[in-house]
Amino acid sequence: SQKIEQNSEALNIQEGKTATLTCNYTNYSPAYLQWYRQDPGRGPVFLLLIRENEKEKRKERLKVTFDTTLKQSLFHITASQPADSATYLCALSSSASKIIFGSGTRLSIRP
Amino acid sequence: NAGVTQTPKFRILKIGQSMTLQCAQDMNHNYMYWYRQDPGMGLKLIYYSVGAGITDKGEVPNGYNVSRSTTEDFPLRLELAAPSQTSVYFCASSSQGSPTPYEQYFGPGTRLTVT
């Protein structure tokens, strides 16, 4: 069956460092991979989308890579800040009607 | 735009009761979704709709029903509530168009407890 794995352990990073989150998947050939941010008690908020034929996408301090051979995406936050502390969800989709979310990685940035 | 709105924010149900979770969006999105999120877990798709009058099951549809009579509204019905349905429910919408295809816009969620 289709499976998505994200770092199950929380990630603690010193402010100013680069945070790197991992999303691995099996038994799936997604056309798109998305990253969302979720704060406690709130709905997820879209951050970035990368297509299967793209290797890398950037947005301000965020960078996403997508390796369809390794079946892995890496999500980087450079110059991390305490305000970046949240849970980050990876989602795979092959169409608008087929989307699967990972369980998320909790990121804490300490001052 | 209000985006995606959900009501109620919180609800406590007794076992066997029924209720409808409301969801509306004002972005003219054709796709709408219902997810549940259990503590420490990801989102699981319950039902989705690709347009008015068209709905389909997701990963965990048992115990739920949906309808989509208009583009804007996508209510989720719980019949005979069970403790296993205690969760946070999120409604979302998306479109194929801009700014990003299939980017999902989420509502604030409904926290449901069944006792």
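Our subject is the structure listed above.
Residues numbered from 1 in each chain as written. Chains lettered and ligands numbered in written order. Predicted model: local features only at pLDDT ≥ 70, side-chain atom pairs only at ≥ 80, totals over all residues. Heavy atoms only, no water.

## Remarks on the layout of surface pockets
Here's step 1: Roughly 680 Å³ of volume is contained in the largest pocket.
Here's step 2: Lining the largest pocket we find 30 residues, and of these Q38, P40 and G41 of chain A together with Q37 and R111 of chain B sit closest to its centre.
Here's step 3: If you list the elements that add at least two residues to the lining of the largest pocket, you get β11 (105-110) of chain A together with β9 (87-94) and β11 (110-114) of chain B.
Here's step 4: The biggest single contributor to the lining of the largest pocket is β11 of chain B, with 4 residues.
Here's step 5: By residue class, the composition of the lining of the largest pocket is 9 nonpolar, 14 polar and 7 charged.
Here's step 6: Its boundaries defined by the atoms lining it, the second largest pocket holds a volume of some 510 Å³.
Here's step 7: Lining the second largest pocket are 22 residues, with Q2, I100 and F101 of chain A together with K44 and E59 of chain B positioned closest to its centre.
Here's step 8: Going through the elements one at a time, β1 (3-6) and β10 (98-101) of chain A together with β5 (43-51) of chain B are the ones with two or more residues in the lining of the second largest pocket.
Here's step 9: Taken together, the residues of the lining of the second largest pocket break down into 10 nonpolar, 7 polar and 5 charged. (1 Å grid on protein atoms, 1.4 Å probe; cavity = no way out; pocket = protein on both sides within 12 Å on 5 of 7 lines; lining within 4 Å. Points joined across faces, edges and corners; volume = space filled by probe spheres on them. Helix = DSSP H or I, 4+ residues; strand = E, 2+ residues; numbered from the N terminus. Nonpolar A, V, L, I, M, F, W, Y, C, P; charged D, E, K, R; others polar.)

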